[in-house]
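# What the coordinates show
If you want the building blocks of each chain, they are given just below.
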Amino acid sequence: MIRLAGYLTRVSTFGGKVALMFAALALLSQVPAVSPLLGGSAAFAANGDMVRKIEVEGNQRIERETVLTYMTISEGMVYEGARVDESLKRLFATGLFADIAMRFDDGTLIVTVVENPIINRVAYEGTSAIKEEDLNNEVQLKPRTIYTRAKVQADVTRIIELYRRGGRFAATVEPKVIRLPQNRIDLVFEINEGPKTKIASISFLGNTAFSDGKLREIISTGESAWWKFLSSSDSYDPDRLTYDRELLRRFYLSHGYADFRVVSGVADLNRDNSAFNITFTVEEGPIYNFGKITLKSNLKNLKQGELEEKIVTVEGETYNAQLIDKTTDALTYAAGTQGYAFAQVRPRAKRDREKHVVDISYVIAEGPRVYVDRINITGNVRTLDRVIRRQMKLVEGDAFNKVLLDKSEKDIRALQYFSKVEVTQSPGTAEDRTNINVAVQEQSTGSLSLSFGFSSVDSAILGVSLNERNFLGRGLQLGTSVSVSARQQLIQFQYTDPFFLDRDLVGGVDLFVTETDYQDEASFDSRTQGFGFRFGFPLSDNSRFLARYQLRREEITNVAATASAAVKAAEGQETRSIIGYDYYLDFRNDPVDPTGGWDFLLSQDYAGIGGTVNYLSQELLVHGYYGIAEDWILTQSFDMGYIFGIGEDIRLNDRFFKGGSDFRGFESGGIGPRDLLTGDAVGAEAYLFGTTEMTFPNGIPDALGIRTSVFFDYGLIGKAEDQPAGTNIKDDFAPRLSTGISVNWKSPFGPVRLDFAKVLTSEDYDKEESFRFSAGTSF
């Protein structure tokens, strides 16, 4: 006969056989069985006995009352096996205990617990590829939290997944526990990172229109190569693989393949787990052309003719999904400017699979009235929220407008604080509410730039500048230039607040001291020191106005005895008080990498409000961008300037000294009027330059960030009037022409530019330069 009191039954983990054994024993004793529970124990007792007292044993940190609050049985209640089972479950569910045992002895329910230890410290060993801060953000166990095996295994899985996202599929993690007094532990994750799992090959099946090599250029994942040691595109990432499928779809849809689809994208790990072989299976289908293009509107008072001018899809041309998107955006924008903020443009495609044409009908209708619920900004680790929000054309509570949303995204990109900007929508708190989600990825906004150039006479140019476009994450711009070269000693400080007084105003201060050696160009040294103020504001969405004032003192010294009489006449000190302005228009389609549109800058300066010099100067700069074909971009630029004295001659320091980066193929100050007796440049009072530059594909993988272009620089420069006697100024105002190749590399260390130039037309007194190099680094 089994004793009903004082008989302890240990709960086992052996499964159903033990449970059946307990049930059989219970039947024999005619006592209900207590269900076995994993990791705990309970006592047999007769249902109906009174629980007069509950004792808790083994607890160290956790109070007795805390244990009792989780139990469903309490003192004074009738003993029931079901209540004991439920109490065990609840206590285990707290995660506070490693083991629990209950026994009933003569009216006393004794609860014996083994507490889970407290984590004193979480450490990592063997980490180098991932920062400890990132690991801490990933794991859930923290110091002063309760240790459980389940939580440790979950964190091991998280760490392995983090390494896999970084391309390390061979990474292993082994948790170790170091026991400390007072039931505390140190938790150590021993990590073997292993090598990065590379991409051995990327192949395509089913492609006939485009080669494997061309399609590899389209996707973001790249095959591993020795020169990609600074790139992460050659490591396997499942999310990137999904993105590559979308890139392939966009590419084919923009080239007429309306039926294109990616059947599969499979990554197979090789036998030694060192690299993946990726295979994309595609179905291209036939090429389609645009069929009939129609425009339908359910809105009154819309000007149909103006809207039809916005349609860029043309009947008979090759189908291009990007042109449909552009037309949709243009029509939405046009409807918005005509007062229909809620207008929706829906392109409806009707595909004729026999004739291989797609008819497009753009339907404009009044969309549902939707308002902005919340604007969520993520990813800005450094930049303050308000810096991004002030670029938004929408605020919470505004009527949602896609045109303003697109303009907001463009303005955020124009800050050039972020390498990636994504603006998406999600449902709000009600059907007529939408959330705007702005996801950004920070990039380097500071730059430490070095420039070095070689001339045809082996002269060298060295420059150093330090700039920060987003100081303290507040959008403030600081710039400091320091040069200690043999030619120039420069200290310059610039401070700009692009949102002065928290308004769309620009305020800035400039301080500068410059000593420049012009002995090679014009046989004199120049010293300039002064300060200035700037204040600007927008005139429209595409134009800005900047007013400025500058007070500076300039001195021409160390004039050589053999210098030109024009240089000797300029020796001495002058004070210039200058007020001026800049008027800027920007109609580029992208502020960072434009492929279409144009911009325009007009600058004028008037010297004469105080000071000792009086003149009026104006300069004009225009750029035009034309996308000829994919990766073929034509840039046309014009740069011109003119200065004239007001009641006096133009001083030497106020003239234009051009060349170098202004006109490739010539040294700085290498073109323009020159005294043939001494070889000194005396500067020009007018110039007119033009540049035609074609950027073209170079066959180098896009991942390297290398762009090449062929250029033609041409123009006129001259007009050096009212020179003193004893000079032999040569001033032909004759055309100059140079051509060459420019190579731009967005290197991991910063921008690098190489210019190889050949002068085609010049004057005998010009000074040429065949190669120029500039490089910089970013932080």
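Before reading on, note that the structure itself is shown above.
The structure reproduced in this document is the subject of the present report.

Calculation criteria
Residues numbered from 1 in each chain as written. Predicted model: local features only at pLDDT ≥ 70, side-chain atom pairs only at ≥ 80, totals over all residues. Heavy atoms only, no water. Salt bridge = Lys/Arg side-chain N within 4 Å of Asp/Glu carboxyl O. Helix = DSSP H or I, 4+ residues; strand = E, 2+ residues; numbered from the N terminus. Buried < 20%, exposed > 50% of the residue type's maximum accessible area, 1.4 Å probe, protein only. Expected span 1.5 Å × (residues − 1). Contact = heavy atoms within 4.5 Å. Polar contact = N/O pair within 3.5 Å; in protein donor to acceptor, adjacent residues only side chain to side chain. Phe/Tyr/Trp six-rings, centres within 6.5 Å; stacked < 30°, edge-to-face > 60°. Patch = residues over 30% accessible without salt bridge, like charges linked within 9 Å, V, L, I, M, F, W, Y side chains within 5 Å. Areas by Shrake-Rupley, 256 points an atom, 1.4 Å probe, with all protein chains shown as cover. Core = buried A, V, L, I, M, F, W, Y, C linked by side-chain atoms within 4.5 Å. 1 Å grid on protein atoms, 1.4 Å probe; cavity = no way out; pocket = protein on both sides within 12 Å on 5 of 7 lines; lining within 4 Å. Points joined across faces, edges and corners; volume = space filled by probe spheres on them. Nonpolar A, V, L, I, M, F, W, Y, C, P; charged D, E, K, R; others polar. Axes fitted to C-alpha atoms, helices over the stretch in contact; angles between N-to-C directions. Parallel < 35°, antiparallel > 145°, perpendicular 65-115°, else oblique.

## Some thoughts on the pattern of salt bridges
All told, the structure shown has 42 salt bridges when counted by the stated rule. Note that Asp-713 is salt-bridged to Arg-664, the shortest N-O span being 3.1 Å. Of the two residues, Asp-713 sits in strand S32 (residues 706-718) while Arg-664 sits in the loop between strand S28 (632-645) and strand S29 (674-675), which places them 49 residues apart along the sequence. The two residues Asp-713 and Arg-664 agree in class, both being buried. With its nearest N and O atoms 3.8 Å apart, the salt bridge here joins Asp-755 to Arg-664. Taken together, the residues span a long stretch of sequence, with Asp-755 in strand S35 (residues 750-761) and Arg-664 in the loop between S28 and S29 at a distance of 91 residues. In the salt-bridge network here, residues are joined through shared partners; they are Arg-664, Glu-693, Asp-713, Arg-753 and Asp-755.

## Some remarks on helix H9 (residues 321-337)
Three- or four-residue spacings in an α-helix give side chains the same orientation, since the helix completes a turn every 3.6 residues. For H9, with 17 residues, the first-to-last C-alpha span of 25 Å sits near the 24 Å given by 1.5 Å per residue. Every buried residue of H9 is listed here: Ala-321, Leu-323, Ile-324, Thr-327, Thr-328, Leu-331, Thr-332, Ala-334 and Ala-335. Looking at the packing, one finds that the buried side of H9 touches helix H7 (238-253), strand S12 (289-297), helix H8 (304-308), strand S13 (343-352), strand S14 (357-366) and helix H11 (402-414). Where H9 begins, the side chain of Asn-320 points an oxygen toward the backbone nitrogen of Gln-322, at a separation of 2.9 Å.

## Let's talk about the packing of aromatic side chains
Here the structure, examined in full by the defined rule, presents 25 aromatic pairs. Each ring, one from Phe-169 and one from Phe-276, has its centre 5.0 Å from the other, and the planes form 75°; the classification is edge-to-face. On the criterion of sequence distance, the pair formed by Phe-169 in the loop between helix H5 (149-165) and strand S7 (172-180) and Phe-276 in strand S11 (residues 275-283) is long-range, its members being 107 residues apart. An aromatic cluster is defined as three or more aromatic residues linked by ring pairs; in this entry it consists of Phe-210, Phe-251, Tyr-252, Tyr-257 and Phe-260.

## What to know about the environment of Gly-647
With respect to the helices and strands, the residue Gly-647 is situated in the loop between S28 and S29. Along the backbone, Gly-647 and Val-613 are 34 residues apart, and their C-alpha atoms lie at a distance of 9.8 Å.

## Here we look at a nonpolar patch on the surface
A surface patch of nonpolar side chains, amounting to about 410 Å² of accessible area, comprises Phe-493, Val-509, Leu-511, Phe-531 and Phe-533. When residues of the nonpolar patch are traced back to their parent elements, those giving at least two are strand S22 (506-517) and strand S23 (525-540). Relative to the helices and strands, Leu-511 resides in strand S22. Using a relative accessible area of 44% as the deciding quantity, one classes Leu-511 as partly exposed.

## Description of the environment of Asp-713
A relative accessible area of 2% places Asp-713 in the buried class. With 76 residues separating them along the chain, Asp-713 and Ser-637 place their C-alpha atoms 9.4 Å apart. Excluding residues that lie within four positions of it along the chain, Asp-713 makes contacts with Phe-663, Arg-664, Gly-690, Thr-691, Arg-736, Leu-737 and Ser-738. Within the local environment of Asp-713, its side chain forms a polar contact with the side chain of Thr-691, the two groups lying 2.9 Å apart.

## Thoughts on the nonpolar core
One finds Leu-295, Leu-302, Leu-307, Tyr-319, Tyr-362 and Ile-364 to be the most contacted residues of the largest nonpolar core, which totals 23 residues. For this core, the secondary structure elements donating two or more residues are S12, H9, S13 and S14.

## Here's the deal with the side chain of Ser-738
Its place among the elements puts Ser-738 in strand S34 (residues 735-747). A distance of 2.6 Å separates a polar side-chain atom of Ser-738 from the backbone oxygen of Arg-664.

## Let's talk about the layout of surface pockets
Reported here for the second largest pocket is a volume of approximately 1,400 Å³. Ala-414, Val-506, Arg-544, Tyr-584 and Asp-586 are, among the 35 residues lining the second largest pocket, the residues nearest its centre. Of all the secondary structure elements, the ones that give two or more residues to the lining of the second largest pocket are H11, S23, strand S24 (543-557) and strand S25 (572-586). Here the lining of the second largest pocket takes 5 residues from S23, the largest share from any one element. For the lining of the second largest pocket, the residue count by class is 14 nonpolar, 8 polar and 13 charged.

## Description of the packing of H9 against H11
Where H9 contacts H11, the axes come no closer than 8 Å and their chain directions differ by 115°. When the interaxial angle is binned, H9 and H11 end up roughly perpendicular. Contact residues: H9 offers Asp-329, Thr-332 and Tyr-333, while H11 offers Lys-402, Val-403 and Asp-406. The class makeup of the residues in the contact of H9 with H11 is 2 nonpolar, 1 polar and 3 charged.

## Some details on the environment of Phe-169
For Phe-169, a relative accessible area of 18% translates into the label buried. When the C-alpha atoms of Phe-169 and Lys-198 are compared, they prove to be 9.6 Å apart, with 29 residues separating the residues in sequence. Setting aside chain neighbours within four positions, we find Phe-169 in contact with Arg-164, Thr-197, Tyr-236 and Phe-276.

These values are about where atoms sit, not about what they do.
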